[in-house]
Structure formats: structure tokens, C-alpha cells
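What follows is each chain in one-letter form.
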Amino acid sequence: MNFNSLNQTQTKRVVVIGGGITGLAAAYYLQKEQKNKELPLEITLVDAGKELGGKIKTEKVDGFTIEGGPDSFLGQKPWATELATELGIKDQLIGANDEKRKTFVLVNGKLTPLPDGVMLIIPTKIMPFALSPLISWPGKIRMGMDLFIPPFKGKDDESVGDFIRRRLGTEALYKIAEPLMSGIHVSDPEKQSLLATFPRFRNIEQKHGSLIRGMLAQKRAPHPPSNNHSKLNSLFISLKNGVSQLINTLETSLNACQILKNTTVTAIYPAANGNYSLELSNGNELLADAVVLAIPSFNAGNLIQDISPQLADLLASIPYVSTATISMAFKKSEITKPFSAFGFVVPSTEKRKISACTYSSIKFDDRAPEDHLLLRCFVGGPGKEEMVDLGDQELVEIARMELKDILGLEAEPVISRVYRWQKANPQYEVGHLERVKEIFEQCKATTPGIYLTGSAYEGVGIPDCVHQGQMTAEQIIQNLQKEQVAA
């Protein structure tokens, strides 16, 4: 890319609103281009919180590393790992303890192990699946019918629930797919878009005619050797000091970016020469040639309501749900049963108050002192959002009662932490891809110079958000260059 023309112009001002991982990534990659190409950019990041990171929050207390939000990211998607490498903290990346990677499913009140060989909800080993009590024999036969059911015709979207029910049956949906997938998207499978969340399933179905045949083919395919340490070949990647280590390093790296914390953008108005004027909660004003809205879509809609009401309505149409996590630590000497797995998930059909529990200090090293066990329970989500409004002590007691019923765990927690995420989980409902396409087209047509990015649009995971921030930064640079050439 040729930036010579941009180098000759006056300083361009870019304001990033939102200091979550997407906004931080956008600011980082803007600053990277600014430094590498000696571009005349003035970058400001504005965030409403006293700390950056958005839903990523790690608390270090008494030897415990407690995650309030995501505890890891998928290693198969490269963008977060690449960013950590660029920031000089590749040596701080850690993989999960995959030798202990076993997941249980609560079925009829009892924990049942997910059979060995189940890949993305699809069985790839016959005997472990056949011998597993997780699925009834009629349910197993129904799942096997996937080998004979013709693939979906056309390109229309469908719900994850309809897709799994069509290919593998109702029992597979509610005992395997729904609880496992809700850990990623916290969604109702009857509304969740297949093409926006798990397009791989449709691709496998259409390429191989069957999910089981497709996963078996992928399993047999040769895999290129990895140059990474074996730990970093793990499905889940984190950092030694918790996921916030990535946030803290990003913040430190933004030495050519002005960062305004505890500050809210209250209004955006068009200004002269195609610029925008941003009113801040502290009474100040910022002028910007480009504005990045790396905030929830409904908040973005509120800011541009007067500029583009139609776009604001589209942004408000993306629904969100609330969740909470409850972390508790116990003395191992007071635990009567051994723990040797990553945790368990709870199908909605079990009618429990928690949806899952992660054995945090087993999943990753250095999350608790050797003589303690750290667990994390999840509540809220579709149909259960009212639980998020309960008090801390009430949520802790609910989690303790659930763990007593499910695990027989009666020990008193030595430490507990509750983190609430009010309307923080966007729902990718059927038709999401078309909705997002229309949103981006409307944004380009009615609010040039404003950029929408983040978990509401093209992926909720940390790697996806990093990638969206990076792509947004590149798009801004390209558009500023085009404007200069046109001038």
C-alpha cells in the first residue's frame, strides 16, 4: 500500500470509542501503521470504565487468578496469538491441561462424561459412543441416521436447533449441542443463526453429505506439523497471569495514543469538512476525521440516532442477554471427591439454576495455590436473565447449593467473586449475516467516516474481535488515503 500521499497531508484525527479488546486492537494497529509509515495520525481512545478491557477482567488475589469474563481463547484462530507475539508476550501464552480435558454433561441429575471422540458434537469413535450412557439407544440410532439424510439444498440460513434436530435428532440437540455451544455464544439454539455461528457445519454437510462422514474425513486428513510448543497446540489458550495480561500489555503499548478513561461520549454531530464533533461527559469536545464505534450495537445506535435513524434502528435490532459468573475457591483438604476434568455443562432440560461449571485450576495451571481448587459457575442467559440481578451473596449460595446437589461438594468457599455482564452478550439470530451486511452498507452510505466493529457483528471470541479491530484499522488507513487522493 502506498501511503506517500497521506504523508503529505495534515494530521488526521481518529477517535476509538470503546476500550474492550476490539477497540484496543483497532487503536494498536492504527498506531502500528502510524509508526511504521510515519503517518500524520492523532489517535484517541475513549472508554467509560476506570479500567480497559471490557468483558475481559482478571483479578489476582491471595494466590488466585480469577477470570470475570473469558478465561481463554481458541488457538485455532490465529489473531489473538499473533497479537500477543507482536506485543512480545508469546512466552506468556499457555495452553490448557489437555491431558485432563474431560467434560461432563448433567443428565437426569447425574454427571455423565462426554464420550471420547466427540468432535464439535459429532461422534467419530464408534465404541466409546456406543457404550456411553449419555444418549439413549433410540437417540444413538437417530444420530447414526445422519449418514443417510440428504444434505440441505440452497443457501438459506436456519437455526442451530433446526440444523442439529434435522441431522442428529432432538436428543443430540439438548444433551450435547445446546449445552456445549451455549458456552461459546450463550444463545437459544432455536433462534441462533447456523451460518453466523457455526458455518462449518453447513460446509461439512454440503461437502460430505453427512456430518459424521465429514468429521471422519477431517480426522483422517494429514495435519501439518506445528512449530509451536506442544502446550500451544491446545484448543484453549490463555496467559500465565490471566487474559487481562493481554489487555494490560496492549494498554502499555499504546504510547502514541491518548487514552481517556472514565469518560463517555454523549453525542456525535457532523462537523465541517466531513468531520465529526464528539461531546464528552467531562464537558470537552473532540473533533475526528474517523470514529470507531467499538461498543455494543445498541450504544452505537444511540450515538448516531440523530445522524442516521434507520441505521440506529438496525443496530438496536441486534438483541443482547445478560450473564454472570460466580468463582469460588475451596480447600482440597475439605473436598471428599476427586476432581479431574475441565468441568460440566447443564442442558436446559435439567431445569437447574447454573448452566455450567468450569474447574478453573484444573483447566489451567497457576490459577490457585496447590492446596486449593478454584471453580467457576455460570448463570443467566436466554430465559434466565433475572438471576443476574440477584445479590452477590444470594448468587454464591445458589451456586453452592447447585454444586452440593450435583457434585456433593459441601465445603465452605475460602474466597468468592461475582461478575455481572449486563446486556453484554450479542445474539446472532437467524438472518444475522444479512442484518450485518445491511448495517455496514447503511453505515457506509449515511455515516461516512464512522466505523462499526466488535462482537455484535462478525464474531464474539477474542481472536475474532482482534481481527475485526485490525481490519477496521486497515480500512480507515485505506479510506484516508483515498480521500487525500481525491482531494
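Residues numbered from 1 in each chain as written. Predicted model: local features only at pLDDT ≥ 70, side-chain atom pairs only at ≥ 80, totals over all residues. Heavy atoms only, no water.

Visitor: For this particular structure, what's the right way to read the pairing of strand β4 (residues 64-67)?
Guide: Moving residue by residue along a regular strand, the side chains alternate between the two faces of the sheet. Of the two faces of β4, the one holding Phe64 and Ile66 and the one holding Thr65 and Glu67 are both buried throughout. Taking the residues that link successive antiparallel strands as the turn, the strand β3 (residues 58-61)-β4 hairpin has 2 residues, and the phi of Asp62 there is positive, at about 50°. (Buried < 20%, exposed > 50% of the residue type's maximum accessible area, 1.4 Å probe, protein only. Helix = DSSP H or I, 4+ residues; strand = E, 2+ residues; numbered from the N terminus. Pairing = 2+ DSSP bridges.)

Visitor: Would you take a moment to explain the environment of Asn108 for this structure?
Guide: On the secondary structure map, Asn108 appears in the loop between β7 (103-107) and β8 (110-113). Assessed through its relative accessible area of 68%, Asn108 is described here as exposed. Sequence-wise, Asn108 and Val321 are 213 residues apart; in three dimensions their C-alpha atoms are separated by 27 Å.

Visitor: Help me understand the packing of helix α13 (residues 309-316) against helix α16 (residues 432-446), please; the structure alone is not making it clear to me.
Guide: The description of two helices packed together rests on the angle between their axes and the distance between the axes. At a minimum axis distance of 10 Å, the contact between α13 and α16 shows a crossing angle of 155°. In terms of orientation, α13 lies roughly antiparallel with respect to α16. Judged by the sense of rotation from one axis to the other, the crossing of α13 with α16 is left-handed. Facing α13, whose interface residues are Gln310, Leu311, Leu314 and Leu315, α16 presents Glu438, Ile439, Gln442, Cys443 and Thr446. (Axes fitted to C-alpha atoms, helices over the stretch in contact; angles between N-to-C directions. Parallel < 35°, antiparallel > 145°, perpendicular 65-115°, else oblique. Left-handed = near helix turned anticlockwise from the far one by under 90°. Contact = heavy atoms within 4.5 Å.)

Visitor: Would you explain the nonpolar core in this entry?
Guide: Nonpolar side chains in soluble globular proteins tend to be buried together. Membership of the largest hydrophobic core comes to 42 residues, with the highest contact counts inside it found for Ile21, Leu30, Leu41, Leu83, Leu246, Ile462 and Ile476. Of all the secondary structure elements, the ones that give two or more residues to this core are β1 (12-17), α2 (21-36), β2 (41-46), α3 (79-86), β11 (236-239), α11 (244-253), β16 (290-293) and α17 (462-486). Residue contacts for Ile462: discarding those within four places in its chain leaves Ile21, Ile56, Pro70, Ser72, Phe73, Ala80, Val243 and Leu246. Core analysis: the next-biggest nonpolar cluster, separate from the first, contains 30 residues, Ala324, Cys357, Tyr359 and Ala399 among them. (Core = buried A, V, L, I, M, F, W, Y, C linked by side-chain atoms within 4.5 Å.)

Visitor: I would appreciate a short explanation of the sheet that holds strand β17 (residues 320-331) in the present structure.
Guide: Across a sheet, paired strands are connected by hydrogen bonds in the backbone, their directions being either parallel or antiparallel. Spatially, 7 strands are ordered β8-β7-β18-β19-β20-β17-β21 in an open sheet, and the strand pairing comes out mixed. With one partner strand each, in any of the chains shown, β8 and β21 (415-426) form the two edges of the open sheet. Pairs of neighbouring strands in the sheet enclose a mean axial angle of 25°, with direction left out of account. Across the sheet, helix α7 (residues 170-185) touches β7, β18 (343-345) and β21, and the angle it forms with β7 is around 120°. Each of β7, β8, β17, β18, β19 (356-358), β20 (372-380) and β21 is contacted by helix α15 (residues 392-407), which is oriented at about 70° to β17, the strand it contacts most.

Visitor: When you look at the sheet that holds strand β6 (residues 93-95) in this model, what are you seeing that I'm missing?
Guide: Taken in spatial order, the 3 strands of this open sheet run β5-β11-β6, and their pairing is antiparallel. Of all the strands in the sheet, the pair left with one neighbour each is β5 (73-74) and β6. Two strands pair when backbone bridges link them, and β6 and β11 are joined in this way by 3 bridges, in the antiparallel orientation. Pairing of Leu93 across the sheet is with Leu239, part of β11.

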